[in-house]
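# Examination of the molecular architecture
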Amino acid sequence: MRCRIERDRLGEVAIPQEAYYGIGTVRSKDAFQLTKHGLSRQMIKALALCKKVIAKTNCDMGLLEKRKAEAICLSADEILNGRLHGQFITDALQDGYGYGMDMNAAEVICNRANEMLGSSKGKYDIVTLQEVDMFTNIKETNVLVGRLSAVKLTKKLIAENKKSYNAILEKLEASNISKTSKTYLQLMSVVEILQRDTKRVDKAMDTLLVFSYGESVDLPIEQKEEYLRCFVKNLNENVTEKYQLSKNYYTTSNNLDCFMNLSAAVKNLMINFSRCMSDLKELAKEGKINFPNVQDIEVSAPDLLFDFVKQVSFYIVGNDLTVSRTIEAGVMNENPYIPIILASLFESINLVRRGIRTIKERVFEIMEIKE
């Protein structure tokens, strides 16, 4: 395998010639290989989006040459469109603040931008890493990345949850059971509880849209204010939500309770979903609802599927505790535990979404309802 040599203050490292990542990424990957899980696609896209918005803002403010900014933005767009995701190789759980994943994004985008401008990977000569990360702060950037990712993942969870309770409603409408029967009322209670928890998750998601930024924007006060307005404008042009800067920088920089609120809402949804499934398990044993088994073993379908839901719920409770304790551990506007906060929260959102989808497909969409 052909390699190139990159150097830093620690020495030299051989990097595969075709790789868009560089020495900073490799240092992180070699040092932190705990979970063996990479960054989620949403995280990768959010990192690229932040780098794009930063480059566009620096260009608009006359701080970065237009051709360089355009190359950075085009490189980021490739990542947003699904390319180069295999170049993100750092572990989901890494150094404090997430220096590794930020460096991974910067190196990939910088190398691709230089390649577009006629240079080669590893030189960082036309577009430098410093230009990609001009006026950025690792803590601010990765918290914003977390907010962007959490919003996208939560929207997917909400959509899946709506599909699940709509599947129950469709089955009830197609059945001939009385609307005063225990079975009907029990199934409607599941619908109403899931609808209520969907609203709670959606409300918790709103707190992610207010963020802090600008600690490292070293400009005169009036120019800095213009810079921040430009940054928010460029961000909102690339997303469907409307983000805004916090009126008090420290309110949203030293308290990451937006992630804790969302984690709690997701946990409550899963606990309530699990509790409802326990009731439906009893209805299945009474013969009020029926659905086929999923495995050829001497265990009933209700036992298999609903015990599966319990396990997901137990896991989510543990992740929520991790999120709460790590957010509690922050001091002033310093919290070095950003990677584990985001890894735990995103794992919970994805697990709940997949768990609900499993029950929707294996129970709600195919069950038979009886008087």
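In this convention, every chain numbers its residues from 1, walking through the sequence in written order. Only residues with pLDDT of at least 70 are given local features in this predicted model, and only at 80 or more are side-chain atom pairs given and counted; all residues enter the totals for whole chains, interfaces and linings. With hydrogens and water stripped out, all remaining heavy atoms of the structure feed into the side-chain values.

### Some thoughts on the overall build of the protein chain
Elements are defined by DSSP. Helices are runs of H or I of four residues or more, strands are runs of E of two residues or more, and each kind is numbered from the N terminus. Counting secondary structure elements, the protein chain contains 12 helices and six strands. For the protein chain, the C-alpha atoms occupy an extent of roughly 75 × 50 × 35 Å along the three principal directions. For the protein chain, the proportion of its 371 residues judged to be buried stands at 53%. When checking whether two residues touch, look at their non-hydrogen atoms; a contact exists if any pair is within 4.5 Å. Relative to all contacts within the protein chain whose residues are 6 or more apart in sequence, the contacts with residues 24 or more apart total 75%. Of the roughly 17,400 Å² of accessible surface on the protein chain, 50% is carried by carbon and sulfur atoms. Measuring between centres, the 51 positive side-chain charges of the protein chain sit 2 Å from its 49 negative side-chain charges. Relative accessible area decides the class of each residue, using a 1.4 Å probe on protein chains only: under 20% of the type maximum gives buried, over 50% gives exposed, and in between gives partly exposed. Note on areas: these come from Shrake-Rupley sampling with a 1.4 Å probe, and a residue is covered only by the protein chains present in the view. Positive: Lys, Arg. Negative: Asp, Glu. His and the chain ends are not part of the count. Charge positions come from single atoms, namely NZ of Lys, CZ of Arg, CG of Asp or CD of Glu.

### What to know about the pattern of salt bridges
Salt bridges, as used here, are contacts in which a Lys or Arg side-chain nitrogen is within 4 Å of a carboxyl oxygen on Asp or Glu. Applying the stated rule across the entire model yields 27 salt bridges. In this structure, D77 engages K52 in a salt bridge whose closest nitrogen and oxygen atoms are separated by 2.7 Å. Separated by 25 residues along the polypeptide, D77 in helix α3 (residues 66-80) and K52 in helix α2 (residues 41-60) bring together distant segments of the chain.

### Considering a positive patch on the surface
Grouping into patches uses exposed residues only, defined as over 30% relative accessible area, and leaves out salt-bridged ones; the cut-off is 9 Å for like charges and 5 Å for nonpolar side chains (Val, Leu, Ile, Met, Phe, Trp, Tyr). Together, R41, K156, K163, R354 and R357 make up a positively charged patch on the protein surface. Put simply, the parts of the chain that give the positive patch at least two residues each are α6 (138-174) and α12 (338-364). With respect to the element layout, R41 can be found in helix α2. By relative accessible area, R41 is classed as exposed at 62%.

### Some points on the side chain of S313
On the secondary structure map, S313 appears in helix α11 (residues 301-328). In this structure, S313 is in contact with M270, I271 and S274, ignoring residues within four places of it in sequence.

### Concerning helix α8 (residues 221-236)
What a helix should span is 1.5 Å times the count of its residues minus one. For α8, with 16 residues, the first-to-last C-alpha span of 23 Å sits near the 22 Å given by 1.5 Å per residue. On the buried face of α8, the contacting elements are α2, α6, β3 (210-211) and β4 (244-245).

### Observations regarding the confidence of the model for the protein chain
What pLDDT expresses is the predictor's confidence in each residue, scored from 0 to 100. Looking at the protein chain, pLDDT values average 92 and 98% of them are 70 or higher. Within the protein chain, helix α9 (residues 249-253) has the poorest average pLDDT of any element, 81, and α3 the best, 98.

### With respect to empty space enclosed by the protein
Lining residues are defined by having an atom within 4 Å of a point belonging to a cavity or pocket. Those points lie on a 1 Å grid over the protein atoms alone, cavities being sets where a 1.4 Å probe fits but cannot get out and pockets being open sets with protein on both sides within 12 Å along at least five of seven lines. Grid points are joined across faces, edges and corners, and a volume is the space filled by probe spheres set on the points. Applying the stated criterion across every chain, the model contains one cavity of 30 Å³ or more. Among the elements of the structure, α6 and α9 are those that each provide at least two residues to the lining of the largest cavity. Residues of the lining of the largest cavity, tallied by class, amount to six nonpolar, six polar and five charged. Residues are grouped as follows: nonpolar covers Ala, Val, Leu, Ile, Met, Phe, Trp, Tyr, Cys and Pro; charged covers Asp, Glu, Lys and Arg; every other residue, Gly included, is treated as polar.

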